[in-house]
Amino acid sequence: MNSLRTKPEIKNELKFQLENISVKEYSNGLKIFYLQKEKLPLIRLNFIVEAGSKFDSLSIPGLARLTSAMIDEGAGGLSSLELSDEFDLLGTDFKISTDNDFIVLSLQSLSENIERSLKLLSLVITKPDFPESEFEREKKKLLVSILQLKDNPEAIADQVFDKVIFQNHYYSFPVSGYFDTVEKITLQDIKKFYTNSFKADKSFIAAAGNLSAEKFYQLIEKYFQNFTSSESTDVLSDKLITADKKVFVYDKPESVQTEIRIGYVSGKRSSKDFFRKHLLNTIFGGQFNSRLNSNLREQNGFTYGVSSQFSYLKDSGYFVISTSVNTDNTFAAVREILKELDNLKDGINSEELNFAKTSLTRKFPLNFETYRQLTSNLSSLAIQNLPIDYFNTYLTNLTSVSIEEVNAEALKLSQADMKIVLVGNRDSFANEFIKNGFELIDVDERGEIL
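Residues numbered from 1 in each chain as written. Predicted model: local features only at pLDDT ≥ 70, side-chain atom pairs only at ≥ 80, totals over all residues. Heavy atoms only, no water.

(A) Region of the structure containing the overall build of the chain. For the chain, the count of helices and strands is 16 helices and 12 strands. Rg of the C-alpha trace for the chain: 24 Å, near the compact-globule value of 22 Å for 450 residues, within the 12% margin. Taken along its principal axes, the extent of the C-alpha atoms in the chain is 65 × 60 × 40 Å. The buried share of the chain, reckoned over its 450 residues, is 52%. Taking all contacts inside the chain whose residues are at least 6 apart in sequence as the whole, residues at least 24 apart take part in 82%. Accessible surface computed for the chain: about 21,600 Å², of which carbon and sulfur atoms make up 47%. (Helix = DSSP H or I, 4+ residues; strand = E, 2+ residues; numbered from the N terminus. Rg over C-alpha atoms; globule rule 2.2 N^0.38 Å. Buried < 20%, exposed > 50% of the residue type's maximum accessible area, 1.4 Å probe, protein only. Contact = heavy atoms within 4.5 Å. Areas by Shrake-Rupley, 256 points an atom, 1.4 Å probe, with all protein chains shown as cover.)

(B) Here's a closer look at the packing of helix 2 (residues 80-90) against helix 3 (residues 114-126). Between helix 2 and helix 3, whose axes approach to 10 Å, the crossing angle comes to 160°. On the basis of the axis angle, helix 2 is roughly antiparallel to helix 3. Where helix 2 crosses over helix 3, the two elements pack in a sense that is left-handed. Across from Leu 83, Glu 86, Phe 87 and Leu 90 in helix 2, the residues of helix 3 making contact are Arg 116, Ser 117, Leu 120, Leu 121 and Val 124. Split into classes, the residues belonging to the contact of helix 2 with helix 3 amount to 6 nonpolar, 1 polar and 2 charged. (Axes fitted to C-alpha atoms, helices over the stretch in contact; angles between N-to-C directions. Parallel < 35°, antiparallel > 145°, perpendicular 65-115°, else oblique. Left-handed = near helix turned anticlockwise from the far one by under 90°. Nonpolar A, V, L, I, M, F, W, Y, C, P; charged D, E, K, R; others polar.)

(C) Just the environment of Ile 205, in detail. Mapped onto the elements of the fold, Ile 205 is located in strand 6 (residues 203-209). In this structure Ile 205 comes out as buried when scored by relative accessible area, which is 0%. Once the C-alpha coordinates of Ile 205 and Val 104 are considered, the two residues, 101 residues apart in sequence, prove to be 9.6 Å apart. Beyond its immediate stretch of four places on either side in the chain, Ile 205 contacts Leu 30, Lys 31, Ile 32, Phe 33, Leu 45, Asn 46, Phe 47, Phe 216 and Ile 220.

(D) Main features of the nonpolar core. Ile 321, Leu 413 and Leu 422 are the most contacted members of the largest nonpolar core, which has 66 residues in total. If sequence neighbours within four positions are ignored, Leu 422 has contacts with Val 247, Phe 248, Val 249, Tyr 250, Thr 258, Glu 259, Ile 260, Thr 330, Val 334, Phe 429 and Phe 433. Listed in part, the 56 residues of the second largest apolar core include Leu 63, Leu 123, Ala 207 and Tyr 223. (Core = buried A, V, L, I, M, F, W, Y, C linked by side-chain atoms within 4.5 Å.)

(E) Representation of the domain arrangement of the chain in the model. Here the chain is described as being made up of domain 1 (21-225) and domain 2 (246-442). The gap between the C-alpha centroids of domain 1 and domain 2 is 30 Å. Taken residue by residue, the interface counts 38 residues in domain 1 and 30 residues in domain 2. When the area that domain 1 buries against domain 2 is broken down by residue, the three leading residues are Arg 44, Phe 161 and Val 164, summing to 20%. Remark: the boundary between domain 1 and domain 2 carries 3 salt bridges. Close ionic contact of Arg 261 with Asp 158 constitutes a salt bridge, the shortest N to O distance being 2.7 Å. For the pair domain 1 and domain 2, the number of links is 9 residue pairs in polar contact (both at pLDDT 80 or more). (Domains from an automatic or database assignment. Buried area = accessible area lost by both parts, 1.4 Å probe. Salt bridge = Lys/Arg side-chain N within 4 Å of Asp/Glu carboxyl O. Polar contact = N/O pair within 3.5 Å; in protein donor to acceptor, adjacent residues only side chain to side chain.)

(F) Representation of the packing of aromatic side chains in the model. This structure, assessed with the given rule, holds 29 aromatic pairs. Considering the side-chain rings of Phe 274 and Phe 275, the 5.1 Å spacing of their centres and the 80° angle between planes classify their relative orientation as edge-to-face. For the pair shown, Phe 274 and Phe 275 are each scored as buried. Centre to centre, the rings of Phe 331 and Phe 433 are 5.1 Å apart; their planes meet at 90°, and the pair counts as edge-to-face. With Phe 331 in helix 11 (residues 330-343) and Phe 433 in helix 16 (residues 426-435), the pair connects residues that are 102 residues apart, well separated along the chain. A residue is classified by how much of its surface remains accessible, and Phe 331, at 8% relative accessible area, is buried. (Phe/Tyr/Trp six-rings, centres within 6.5 Å; stacked < 30°, edge-to-face > 60°.)

(G) Representation of the pattern of salt bridges. For the structure on display, the rule yields 27 salt bridges. A salt bridge links Glu 352 to Arg 291; the shortest N-O distance between them is 2.9 Å. Pair noted here: Glu 352 is in helix 12 (residues 350-363) and Arg 291 is in helix 10 (residues 291-299), with a separation of 61 residues, a long-range link. Overlapping salt bridges bring together Glu 50, Lys 54, Asp 101, Lys 314 and Asp 315 as one network.

(H) Structural detail: the side chain of Lys 419. Among the secondary structure elements, Lys 419 is positioned in strand 11 (residues 419-424). For Lys 419, a relative accessible area of 4% gives the class buried. At 2.6 Å, the side chain of Lys 419 and the side chain of Asp 417 are in polar contact.

(I) A look at the environment of Leu 398. Secondary-structure assignment places Leu 398 in helix 14 (residues 390-399). Considered as a pair, Leu 398 and Leu 360 are 38 residues apart in the sequence and their alpha carbons are 8.6 Å apart.

(J) Structural detail: the sheet that holds strand 2 (residues 31-36). On the basis of which strands lie adjacent, the open sheet formed by 6 strands has the order 1-2-6-3-5-4 and mixed pairing. With partners counted over all chains shown, the strands left at the sheet margins are strand 1 (21-25) and strand 4 (93-98), one partner each. When strand polarity is set aside, the average angle formed by the axes of neighbouring strands in this sheet is 15°. Note that strand 2 and strand 6 share 6 bridges and pair parallel. Bridge pairing in strand 6 places Ile 32 opposite Ile 205. (Pairing = 2+ DSSP bridges.)

(K) Structural context of helix 15 (residues 403-415). For helix 15, with 13 residues, the first-to-last C-alpha span of 18 Å sits near the 18 Å given by 1.5 Å per residue. For helix 15, every residue scored as buried is listed here: Val 406, Glu 409, Ala 410, Leu 413 and Ser 414. For helix 15, the angular spread of buried residues about the axis comes to 140°, placing them on one side. In this structure, helix 15 carries Glu 404, Lys 412 and Gln 415 as exposed residues pointing more than 90 degrees from its buried face. The secondary structure elements touched by the buried residues of helix 15 are strand 8 (257-265), helix 9 (274-284), strand 9 (306-312), strand 10 (317-326), helix 11 and helix 12. (Expected span 1.5 Å × (residues − 1). Arc of directions from axis to C-beta.)

Right, dumping it as structure tokens:
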């Protein structure tokens, strides 16, 4: 037998412990998750504010994204250029990003420069200037990026999929907003959004570095003790609307590929079935030798790759299968995906489960190699409200899942109300779907039914 085809034997049980995580909460509600790591003279932190696009007014999607673009365009009397120069002189890497739930301000600094870096960060967070002169420039940059998405079938497929599964829920709207909604945003909208959203009790810090926890806590208190708390709490409607079982199509006549998304709203990360779902997905579409990839790539040659995942937002989560195929193979690829989903009702076998457990177990320590990975994992503790010993009990929880528990999840997945989204040349595949009893629903790039 070819030795390369023989799976390696696992001889020793893997043990993993993440030491020195501490948590502190200040009187203004700001919370810190800190991990002391002596390896390098660095501090990396994520300052995370729950001010993502879910707080956009439904009439102006894109507001949180544009606010995050403006917040470092001058602060505490320093211009955007002066702020940028100061960070560069300190050798500090500073970035801002936005998603559905959060605005994240990431900073990596030499330990000897962390105090000055934190002072600059505090100016950005607590004293942004929002200069009129920068507003129109940032707004135009966002509008151009939205126009560029029109030529990206993969981005359109993701946008339509979110709309189809979340309907009018706040997770259905793109973080960048739409061209017409961003056009309407004023500088006053930005200032009002900042005032309502940037609060200490809606924020937390995930950090790792070689300072002692006590020293780091002192610095944070020094520069963020005046960061104010909320006077009231925003309550978002959590209602999800279930759509009918249909195939949603965005027609892109010139396309030679079809982007395929199939999935449904599957529940929050904090649910007790996480490890069962994680193992099931690893077998189904979460790794290279998964059932989906073996079928669509290896057996049929429809695609270079197909994957599935359970994705988790703060207030919800979804399951999605993603791939791109030649337009001529669109129906056949969807048919094979639905067949693999149906096969799940017969369960998985012990060999598949053992391989998935071994693969996930052996890869787990690799998630903690860099400072970026450490702060990202610490962030997930707060975002998903996980216990402080979550990473130290991870392997035990993973390996204790039984085949009966995974098969119960497999049955649920096989019976889930999957939504199908296609972005491609409609004429090239429509007849095959209609002939086989599917109802095609035409949508625009926002996922709105035409």
